Amino acid sequence: MYKAKAYSAASSTAPLASTVIQRREPTERDVQIEILYCGICHSDLHTVRDEWQSVMPTIYPCVPGHEIVGRVTKVGSAVTKFKAGDLAGVGCLVDSDHTCPSCKADLEQFCGNATFTYNSPDKHLGGVTYGGYSDSIVVDEHFVLRVPANLELAGVAPLLCAGITTYSPIHRWGDIKGKKVGVVGLGGLGHMGVKFAKAFGAHVVVFTTSPGKKEDALRLGADEVIISTDAEQMKQHAGTFNFILDTIAADHDLNAYINMLGLEGNITLVGAPDKPLALSSFALLFGRRSVSGSLIGGLAETQEMLDFCGKHNITSDVEIIPIQRVNEAYERLVKSDVKYRFSIDMASLKSE
(Lines give C-alpha, C1' and ligand atoms only; values in the text may rest on other atoms or scores of the structure.)
Protein backbone atom coordinates (compact mmCIF):
# COMPACT_ATOMS: atom_id res chain seq x y z
CA MET A 1 0.00 0.00 0.00
CA TYR A 2 0.97 3.65 -0.33
CA LYS A 3 -0.36 6.91 1.09
CA ALA A 4 -2.30 9.39 -1.05
CA LYS A 5 -3.59 12.88 -0.34
CA ALA A 6 -7.36 13.30 -0.48
CA TYR A 7 -10.39 15.23 0.72
CA SER A 8 -12.96 13.32 2.74
CA ALA A 9 -16.10 13.80 4.81
CA ALA A 10 -16.09 12.34 8.34
CA SER A 11 -19.88 12.44 8.73
CA SER A 12 -23.04 13.60 6.98
CA THR A 13 -22.73 17.04 8.57
CA ALA A 14 -18.95 17.46 8.42
CA PRO A 15 -17.32 19.56 5.68
CA LEU A 16 -14.92 17.88 3.31
CA ALA A 17 -11.39 18.25 4.67
CA SER A 18 -7.82 17.29 3.84
CA THR A 19 -6.78 13.78 4.80
CA VAL A 20 -4.43 10.93 3.89
CA ILE A 21 -5.78 7.61 2.59
CA GLN A 22 -4.33 4.24 1.69
CA ARG A 23 -4.17 3.07 -1.91
CA ARG A 24 -3.06 -0.38 -3.07
CA GLU A 25 0.09 -0.83 -5.07
CA PRO A 26 -0.87 -1.89 -8.61
CA THR A 27 -1.48 -5.60 -9.13
CA GLU A 28 -0.59 -7.18 -12.47
CA ARG A 29 -3.86 -5.94 -14.06
CA ASP A 30 -3.92 -2.49 -12.45
CA VAL A 31 -3.29 1.00 -13.75
CA GLN A 32 -2.10 3.74 -11.39
CA ILE A 33 -3.23 7.23 -12.36
CA GLU A 34 -2.15 10.67 -11.22
CA ILE A 35 -5.46 12.54 -11.06
CA LEU A 36 -5.38 15.88 -12.87
CA TYR A 37 -9.07 16.85 -12.74
CA CYS A 38 -12.11 15.47 -10.99
CA GLY A 39 -15.63 16.65 -11.72
CA ILE A 40 -18.19 17.27 -9.00
CA CYS A 41 -21.39 15.30 -9.53
CA HIS A 42 -24.63 15.87 -7.63
CA SER A 43 -24.25 12.23 -6.56
CA ASP A 44 -21.16 13.28 -4.61
CA LEU A 45 -23.21 15.72 -2.58
CA HIS A 46 -26.04 13.22 -2.00
CA THR A 47 -23.55 10.60 -0.82
CA VAL A 48 -21.47 12.89 1.39
CA ARG A 49 -24.65 14.09 3.13
CA ASP A 50 -26.09 10.55 3.30
CA GLU A 51 -29.22 11.65 1.45
CA TRP A 52 -29.59 8.25 -0.21
CA GLN A 53 -29.48 6.41 3.11
CA SER A 54 -32.48 4.21 2.33
CA VAL A 55 -30.88 2.90 -0.86
CA MET A 56 -27.11 3.43 -0.58
CA PRO A 57 -26.11 4.38 2.99
CA THR A 58 -22.80 6.22 3.23
CA ILE A 59 -19.84 4.68 5.04
CA TYR A 60 -17.50 7.27 6.54
CA PRO A 61 -14.93 8.55 5.99
CA CYS A 62 -16.16 9.17 2.43
CA VAL A 63 -13.89 10.29 -0.41
CA PRO A 64 -16.22 11.12 -3.33
CA GLY A 65 -15.48 11.66 -7.02
CA HIS A 66 -16.27 9.51 -10.07
CA GLU A 67 -15.44 11.89 -12.91
CA ILE A 68 -11.71 11.33 -13.05
CA VAL A 69 -9.15 12.34 -15.67
CA GLY A 70 -5.44 11.93 -15.23
CA ARG A 71 -2.16 10.56 -16.49
CA VAL A 72 -0.93 6.99 -16.09
CA THR A 73 2.11 6.74 -13.81
CA LYS A 74 2.48 2.97 -13.43
CA VAL A 75 0.97 -0.21 -14.93
CA GLY A 76 0.94 -3.85 -13.84
CA SER A 77 2.83 -6.55 -15.71
CA ALA A 78 -0.29 -7.89 -17.48
CA VAL A 79 -1.65 -4.52 -18.61
CA THR A 80 -1.78 -4.17 -22.40
CA LYS A 81 -3.95 -1.10 -23.11
CA PHE A 82 -2.01 1.57 -21.22
CA LYS A 83 1.52 2.70 -20.55
CA ALA A 84 3.04 5.36 -18.32
CA GLY A 85 2.32 8.82 -19.68
CA ASP A 86 -1.03 7.98 -21.31
CA LEU A 87 -4.10 10.10 -20.61
CA ALA A 88 -6.77 8.06 -18.86
CA GLY A 89 -10.22 8.39 -17.35
CA VAL A 90 -12.21 6.60 -14.67
CA GLY A 91 -15.97 6.88 -14.27
CA CYS A 92 -18.51 5.48 -11.83
CA LEU A 93 -17.24 1.88 -11.82
CA VAL A 94 -13.90 0.34 -10.84
CA ASP A 95 -14.79 -3.36 -10.90
CA SER A 96 -17.48 -6.01 -11.49
CA ASP A 97 -17.67 -9.79 -11.44
CA HIS A 98 -16.89 -10.02 -15.22
CA THR A 99 -19.00 -13.19 -15.51
CA CYS A 100 -22.70 -12.29 -15.15
CA PRO A 101 -25.00 -11.73 -18.16
CA SER A 102 -24.75 -7.95 -17.75
CA CYS A 103 -20.95 -7.98 -17.80
CA LYS A 104 -20.90 -10.31 -20.80
CA ALA A 105 -23.21 -7.87 -22.60
CA ASP A 106 -20.87 -4.91 -21.84
CA LEU A 107 -23.41 -3.54 -19.35
CA GLU A 108 -21.23 -3.61 -16.27
CA GLN A 109 -23.29 -0.86 -14.63
CA PHE A 110 -26.04 -3.44 -14.05
CA CYS A 111 -23.78 -6.10 -12.56
CA GLY A 112 -25.08 -7.24 -9.19
CA ASN A 113 -21.51 -7.33 -7.92
CA ALA A 114 -20.34 -4.03 -9.40
CA THR A 115 -17.80 -2.02 -7.42
CA PHE A 116 -18.49 1.70 -7.57
CA THR A 117 -15.64 4.18 -7.53
CA TYR A 118 -16.46 5.31 -4.01
CA ASN A 119 -18.56 4.12 -1.05
CA SER A 120 -18.54 0.54 -2.35
CA PRO A 121 -16.97 -2.52 -0.68
CA ASP A 122 -13.25 -2.60 -1.49
CA LYS A 123 -12.31 -6.22 -2.15
CA HIS A 124 -8.60 -5.40 -2.16
CA LEU A 125 -8.12 -3.37 1.03
CA GLY A 126 -11.36 -3.94 2.90
CA GLY A 127 -13.59 -1.07 3.98
CA VAL A 128 -14.97 0.98 1.10
CA THR A 129 -13.54 2.40 -2.09
CA TYR A 130 -12.26 5.97 -2.18
CA GLY A 131 -12.94 8.19 -5.18
CA GLY A 132 -11.33 10.93 -7.21
CA TYR A 133 -10.98 13.76 -4.68
CA SER A 134 -7.44 12.49 -4.36
CA ASP A 135 -4.04 12.85 -5.97
CA SER A 136 -4.06 9.32 -7.41
CA ILE A 137 -6.09 6.17 -7.88
CA VAL A 138 -5.40 2.53 -8.79
CA VAL A 139 -7.95 0.77 -11.02
CA ASP A 140 -8.31 -2.51 -12.91
CA GLU A 141 -7.31 -1.95 -16.56
CA HIS A 142 -10.77 -2.98 -17.83
CA PHE A 143 -12.32 0.00 -16.04
CA VAL A 144 -9.84 2.58 -17.30
CA LEU A 145 -10.74 4.61 -20.39
CA ARG A 146 -8.66 6.24 -23.11
CA VAL A 147 -9.02 10.02 -23.25
CA PRO A 148 -8.75 11.80 -26.62
CA ALA A 149 -5.67 14.00 -26.60
CA ASN A 150 -7.37 16.88 -28.45
CA LEU A 151 -9.88 17.64 -25.68
CA GLU A 152 -9.46 20.10 -22.80
CA LEU A 153 -9.05 17.86 -19.76
CA ALA A 154 -11.01 19.89 -17.21
CA GLY A 155 -14.04 19.65 -19.49
CA VAL A 156 -13.49 15.93 -20.12
CA ALA A 157 -13.85 14.96 -16.44
CA PRO A 158 -17.67 15.38 -16.27
CA LEU A 159 -18.04 13.27 -19.41
CA LEU A 160 -17.29 10.24 -17.23
CA CYS A 161 -20.70 10.60 -15.56
CA ALA A 162 -22.81 13.46 -16.96
CA GLY A 163 -21.56 12.67 -20.46
CA ILE A 164 -22.28 8.96 -20.55
CA THR A 165 -25.55 9.43 -18.62
CA THR A 166 -26.94 11.54 -21.47
CA TYR A 167 -25.10 9.97 -24.43
CA SER A 168 -26.28 6.44 -23.70
CA PRO A 169 -30.08 6.93 -23.96
CA ILE A 170 -29.80 9.31 -26.92
CA HIS A 171 -27.56 6.91 -28.80
CA ARG A 172 -29.56 3.83 -27.82
CA TRP A 173 -32.87 5.29 -28.97
CA GLY A 174 -31.75 5.06 -32.59
CA ASP A 175 -31.12 7.35 -35.54
CA ILE A 176 -32.30 10.80 -34.44
CA LYS A 177 -30.96 12.72 -37.41
CA GLY A 178 -33.67 15.16 -38.45
CA LYS A 179 -35.93 14.03 -35.60
CA LYS A 180 -37.44 16.37 -33.01
CA VAL A 181 -35.71 15.75 -29.69
CA GLY A 182 -36.48 17.49 -26.42
CA VAL A 183 -34.24 18.02 -23.41
CA VAL A 184 -36.00 18.81 -20.14
CA GLY A 185 -33.81 21.00 -17.94
CA LEU A 186 -30.61 22.86 -18.74
CA GLY A 187 -28.23 21.89 -15.97
CA GLY A 188 -25.21 19.64 -15.65
CA LEU A 189 -26.97 16.78 -17.45
CA GLY A 190 -29.21 18.84 -19.72
CA HIS A 191 -26.45 20.89 -21.30
CA MET A 192 -24.67 17.66 -22.28
CA GLY A 193 -27.91 16.26 -23.67
CA VAL A 194 -28.22 19.30 -25.92
CA LYS A 195 -24.66 18.91 -27.20
CA PHE A 196 -25.04 15.21 -27.96
CA ALA A 197 -28.47 15.46 -29.58
CA LYS A 198 -27.21 18.27 -31.81
CA ALA A 199 -24.08 16.33 -32.75
CA PHE A 200 -26.30 13.39 -33.78
CA GLY A 201 -28.19 15.71 -36.12
CA ALA A 202 -31.46 16.16 -34.24
CA HIS A 203 -33.71 19.21 -34.15
CA VAL A 204 -33.13 20.03 -30.48
CA VAL A 205 -35.67 21.74 -28.24
CA VAL A 206 -34.94 22.67 -24.63
CA PHE A 207 -37.72 22.75 -22.04
CA THR A 208 -36.96 25.11 -19.16
CA THR A 209 -38.84 27.01 -16.47
CA SER A 210 -36.27 29.82 -16.67
CA PRO A 211 -36.65 32.33 -19.53
CA GLY A 212 -33.16 33.58 -18.70
CA LYS A 213 -31.68 30.29 -19.92
CA LYS A 214 -32.94 30.71 -23.48
CA GLU A 215 -29.84 32.48 -24.77
CA ASP A 216 -27.52 29.90 -23.26
CA ALA A 217 -29.60 27.00 -24.60
CA LEU A 218 -29.27 28.40 -28.12
CA ARG A 219 -25.54 28.94 -27.61
CA LEU A 220 -25.15 25.28 -26.63
CA GLY A 221 -26.86 24.14 -29.81
CA ALA A 222 -30.60 24.12 -29.19
CA ASP A 223 -32.78 25.05 -32.16
CA GLU A 224 -35.73 26.11 -30.02
CA VAL A 225 -36.54 26.79 -26.38
CA ILE A 226 -39.92 26.19 -24.74
CA ILE A 227 -40.77 27.83 -21.44
CA SER A 228 -42.55 24.89 -19.85
CA THR A 229 -44.69 27.09 -17.58
CA ASP A 230 -46.21 28.77 -20.67
CA ALA A 231 -49.33 26.71 -21.41
CA GLU A 232 -49.69 28.15 -24.90
CA GLN A 233 -46.13 27.24 -25.91
CA MET A 234 -46.59 23.72 -24.59
CA LYS A 235 -49.90 23.34 -26.44
CA GLN A 236 -48.34 24.41 -29.75
CA HIS A 237 -45.76 21.60 -29.53
CA ALA A 238 -48.01 18.85 -28.15
CA GLY A 239 -47.68 15.50 -29.90
CA THR A 240 -44.69 16.50 -32.03
CA PHE A 241 -41.60 14.99 -30.35
CA ASN A 242 -39.94 11.72 -31.26
CA PHE A 243 -37.79 11.50 -28.13
CA ILE A 244 -37.42 13.48 -24.91
CA LEU A 245 -34.57 13.26 -22.41
CA ASP A 246 -35.76 14.24 -18.92
CA THR A 247 -32.84 15.36 -16.74
CA ILE A 248 -34.85 16.85 -13.84
CA ALA A 249 -34.02 15.49 -10.39
CA ALA A 250 -36.81 17.42 -8.60
CA ASP A 251 -40.53 16.69 -8.43
CA HIS A 252 -42.25 17.73 -11.67
CA ASP A 253 -45.25 16.95 -13.88
CA LEU A 254 -44.06 14.10 -16.06
CA ASN A 255 -47.41 13.87 -17.89
CA ALA A 256 -46.93 17.35 -19.33
CA TYR A 257 -43.90 16.06 -21.22
CA ILE A 258 -45.44 12.71 -22.15
CA ASN A 259 -48.13 14.72 -23.93
CA MET A 260 -45.41 16.35 -26.01
CA LEU A 261 -44.58 12.97 -27.59
CA GLY A 262 -45.88 11.87 -30.96
CA LEU A 263 -46.89 8.36 -31.97
CA GLU A 264 -44.56 5.79 -30.36
CA GLY A 265 -42.48 8.55 -28.85
CA ASN A 266 -40.33 7.89 -25.80
CA ILE A 267 -39.30 9.90 -22.78
CA THR A 268 -36.24 8.63 -20.91
CA LEU A 269 -35.54 9.65 -17.33
CA VAL A 270 -31.97 10.25 -16.21
CA GLY A 271 -32.81 12.49 -13.27
CA ALA A 272 -33.79 10.84 -9.98
CA PRO A 273 -36.47 12.71 -8.01
CA ASP A 274 -36.78 11.68 -4.36
CA LYS A 275 -40.53 11.00 -4.65
CA PRO A 276 -42.30 8.77 -7.19
CA LEU A 277 -43.69 10.65 -10.19
CA ALA A 278 -47.42 10.45 -10.96
CA LEU A 279 -48.04 8.80 -14.31
CA SER A 280 -51.22 8.97 -16.42
CA SER A 281 -51.92 5.70 -18.21
CA PHE A 282 -54.07 7.54 -20.76
CA ALA A 283 -51.12 9.76 -21.72
CA LEU A 284 -49.27 6.56 -22.66
CA LEU A 285 -52.15 4.63 -24.21
CA PHE A 286 -53.17 7.34 -26.64
CA GLY A 287 -50.10 7.41 -28.83
CA ARG A 288 -48.45 4.13 -27.78
CA ARG A 289 -45.86 6.19 -25.96
CA SER A 290 -43.30 4.86 -23.50
CA VAL A 291 -41.36 5.96 -20.44
CA SER A 292 -37.97 4.47 -19.63
CA GLY A 293 -34.93 5.06 -17.46
CA SER A 294 -31.22 4.92 -18.10
CA LEU A 295 -28.15 4.52 -15.87
CA ILE A 296 -24.70 5.67 -17.08
CA GLY A 297 -23.25 3.13 -19.54
CA GLY A 298 -20.98 0.12 -19.76
CA LEU A 299 -17.26 0.46 -20.37
CA ALA A 300 -17.46 -0.16 -24.13
CA GLU A 301 -20.19 2.45 -24.58
CA THR A 302 -18.36 4.94 -22.35
CA GLN A 303 -15.24 4.57 -24.49
CA GLU A 304 -17.40 5.02 -27.59
CA MET A 305 -18.77 8.22 -26.06
CA LEU A 306 -15.30 9.59 -25.37
CA ASP A 307 -14.20 8.79 -28.92
CA PHE A 308 -17.35 10.52 -30.23
CA CYS A 309 -16.49 13.57 -28.12
CA GLY A 310 -12.97 13.59 -29.50
CA LYS A 311 -14.30 13.48 -33.06
CA HIS A 312 -16.88 16.23 -32.49
CA ASN A 313 -14.83 18.29 -30.00
CA ILE A 314 -17.43 17.95 -27.24
CA THR A 315 -16.63 18.68 -23.60
CA SER A 316 -18.63 19.81 -20.62
CA ASP A 317 -18.89 23.52 -19.81
CA VAL A 318 -17.01 23.74 -16.52
CA GLU A 319 -15.97 26.13 -13.80
CA ILE A 320 -12.53 25.07 -12.60
CA ILE A 321 -11.94 25.31 -8.85
CA PRO A 322 -9.19 24.37 -6.40
CA ILE A 323 -9.98 21.53 -3.99
CA GLN A 324 -9.97 24.04 -1.13
CA ARG A 325 -13.25 25.50 -2.47
CA VAL A 326 -15.11 22.19 -2.67
CA ASN A 327 -17.44 22.91 0.26
CA GLU A 328 -18.39 26.25 -1.28
CA ALA A 329 -19.02 24.43 -4.56
CA TYR A 330 -21.39 22.03 -2.80
CA GLU A 331 -23.43 24.93 -1.44
CA ARG A 332 -23.58 26.51 -4.88
CA LEU A 333 -24.56 23.16 -6.40
CA VAL A 334 -27.61 23.03 -4.13
CA LYS A 335 -28.62 26.42 -5.55
CA SER A 336 -27.86 25.36 -9.16
CA ASP A 337 -25.30 28.16 -9.22
CA VAL A 338 -22.88 26.73 -11.78
CA LYS A 339 -22.65 26.64 -15.58
CA TYR A 340 -22.65 23.73 -15.85
CA ARG A 341 -20.31 21.51 -13.87
CA PHE A 342 -17.51 22.07 -11.38
CA SER A 343 -14.14 20.54 -12.24
CA ILE A 344 -11.52 20.35 -9.50
CA ASP A 345 -7.94 21.13 -10.50
CA MET A 346 -6.20 18.49 -8.44
CA ALA A 347 -2.86 20.29 -8.68
CA SER A 348 -4.29 22.37 -5.83
CA LEU A 349 -4.09 19.31 -3.57
CA LYS A 350 -0.29 19.40 -3.70
CA SER A 351 -0.26 22.42 -1.39
CA GLU A 352 -2.06 20.50 1.36
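Scroll up to find the structure this text is about.
Nothing here was measured: the structure is a model prediction, and the numbers come from that model. (Residues numbered from 1 in each chain as written. Predicted model: local features only at pLDDT ≥ 70, side-chain atom pairs only at ≥ 80, totals over all residues. Heavy atoms only, no water.)

1. Some words on unusual backbone geometry
- Of the consecutive residues Tyr60 and Pro61, the connecting peptide bond is found in the cis state with omega at 0°.
- Position of Pro61 relative to the elements: it lies in the loop between helix H1 (42-48) and strand E4 (68-75).
- We note that Asn313 has phi near 55°; this positive angle belongs to a residue other than glycine.
- In this fold, Asn313 is placed in the loop between helix H10 (299-312) and strand E16 (318-322). (Helix = DSSP H or I, 4+ residues; strand = E, 2+ residues; numbered from the N terminus.)

2. What about helix H4 (residues 162-173)?
- For H4, built from 12 residues, the straight-helix expectation of 16 Å at 1.5 Å per residue is met to within 8% by its first-to-last C-alpha distance of 18 Å.
- The buried fraction of H4 is high, at 9 of 12 residues.
- Among the residues of H4, Ala162, Gly163, Ile164, Thr165, Thr166, Tyr167, Ser168, Pro169 and Ile170 are the ones counted as buried.
- Buried residues along H4 sit against helix H5 (190-199), strand E13 (241-246), strand E14 (261-269), H10 and strand E17 (341-345).
- Gly174 sits one or two residues past H4 and shows a positive phi near 125°. (Expected span 1.5 Å × (residues − 1). Buried < 20%, exposed > 50% of the residue type's maximum accessible area, 1.4 Å probe, protein only. Contact = heavy atoms within 4.5 Å.)

3. Details of the sheet that holds E13
- The strand order across the open sheet formed by 6 strands is E12-E11-E10-E13-E14-E15, and the pairing between neighbours is parallel. Each of the sheet's edge strands pairs with one partner strand only, and the pair in question is strand E12 (224-227) and strand E15 (290-293). Neighbouring strand axes in the sheet, compared pairwise and without regard to direction, differ in orientation by 20° on average. (Pairing = 2+ DSSP bridges. Axes fitted to C-alpha atoms, helices over the stretch in contact; angles between N-to-C directions.)

4. Looking at the pairing of strand E10 (residues 180-184)
- Across the 5 residues of E10, 5 count as buried, placing the element largely inside the fold.
- A two-sided burial pattern is seen for E10, the buried positions comprising Lys180, Gly182 and Val184 on one face and Val181 and Val183 on the other.
- In this structure, E10 lies alongside strand E11 (residues 203-208), joined through 5 bridges in parallel fashion. Bridge pairing links Lys180 to His203 in E11.
- You can see the chain leave E10, run along H5 and come back into E11, and the turn it takes is right-handed.
- Examined bridge by bridge, E10 and E13 share 4 bridges and lie parallel to one another. Bridge pairing in E13 links Val181 to Phe243. (Right-handed = clockwise from strand over helix to strand, strands pointing away.)

5. Some thoughts on the packing of H4 against H10
- Two elements in contact, H4 and H10, have axes whose closest approach is 10 Å; the angle formed by their N-to-C orientations is 95°. Comparing their axes, H10 and H4 come out roughly perpendicular. Residues Gly163, Ile164, Tyr167, Ser168 and His171 of H4 touch H10, and the partners they reach there are Glu301, Thr302, Glu304, Met305 and Phe308.
- In terms of residue class, the contact of H4 with H10 is built from 4 nonpolar, 4 polar and 2 charged. (Parallel < 35°, antiparallel > 145°, perpendicular 65-115°, else oblique. Nonpolar A, V, L, I, M, F, W, Y, C, P; charged D, E, K, R; others polar.)

6. A look at the packing of aromatic side chains
- This model, assessed by the stated rule, comprises 9 aromatic pairs.
- With a centroid separation of 4.6 Å and 20° between ring planes, the pair formed by Phe200 and Phe308 is classed as stacked. With Phe200 in the loop between H5 and E11 and Phe308 in helix H10, the pair connects residues that are 108 residues apart, well separated along the chain.
- Their ring planes at 80° and their centres at 5.2 Å tell us that Phe207 and Tyr257 sit as a pair that is edge-to-face. One end of the pair, Phe207, is in strand E11; the other, Tyr257, is in helix H8 (residues 254-258), and 50 residues separate them in sequence. Grouping residues by exposure puts Phe207 and Tyr257 together as buried.
- By the ring-pair criterion, three or more aromatic residues cluster together here, those being Tyr167, Phe196, Phe200 and Phe308.
- Sitting over the face of the ring of Phe241, Lys180 holds its NZ or CZ atom 4.6 Å from the ring centroid. (Phe/Tyr/Trp six-rings, centres within 6.5 Å; stacked < 30°, edge-to-face > 60°. Lys NZ or Arg CZ within 6 Å of the ring centre and 35° of its normal.)

7. Quick word on the nonpolar core
- Core analysis: the largest hydrophobic core is formed by 93 residues, its most contacted members being Ile40, Tyr133 and Phe196.
- For this core, the element with the most residues is strand E3 (residues 30-40), which contributes 6 residues.
- Within the second largest apolar cluster, 15 residues are counted, among which are Phe207, Met234, Phe241 and Tyr257. (Core = buried A, V, L, I, M, F, W, Y, C linked by side-chain atoms within 4.5 Å.)

8. Quick look at the side chain of Arg23
- Looking at the secondary structure, you find Arg23 in strand E2 (residues 17-23).
- Within the local environment of Arg23, its side chain forms a polar contact with the backbone oxygen of Tyr130, the two atoms lying 2.8 Å apart.
- In this structure the side chain of Arg23 is engaged in a polar contact, spanning 3.4 Å, whose partner is the side chain of Ser134.
- Not counting residues up to four positions away in its chain, the partners in contact with Arg23 are Met1, Tyr2, Ala4, Leu125, Tyr130, Gly131, Ser134, Ser136 and Ile137. (Polar contact = N/O pair within 3.5 Å; in protein donor to acceptor, adjacent residues only side chain to side chain.)

9. A closer look at the pattern of salt bridges
- A full pass over the atoms with the stated rule returns 18 salt bridges.
- Between Asp30 and Arg24 there is a salt bridge, with the nearest N and O atoms lying 2.8 Å from each other. Each member of the pair, Asp30 together with Arg24, is buried.
- Linking Lys74 and Glu25 is a salt bridge whose minimum nitrogen-to-oxygen distance equals 3.4 Å. Of the two residues, Lys74 is situated in strand E4 and Glu25 in the loop between E2 and E3; the sequence distance between them amounts to 49 residues.
- Through salt bridges with shared partners, a single ionic network connects Lys195, Asp216, Arg219, Asp317 and Lys339. (Salt bridge = Lys/Arg side-chain N within 4 Å of Asp/Glu carboxyl O.)

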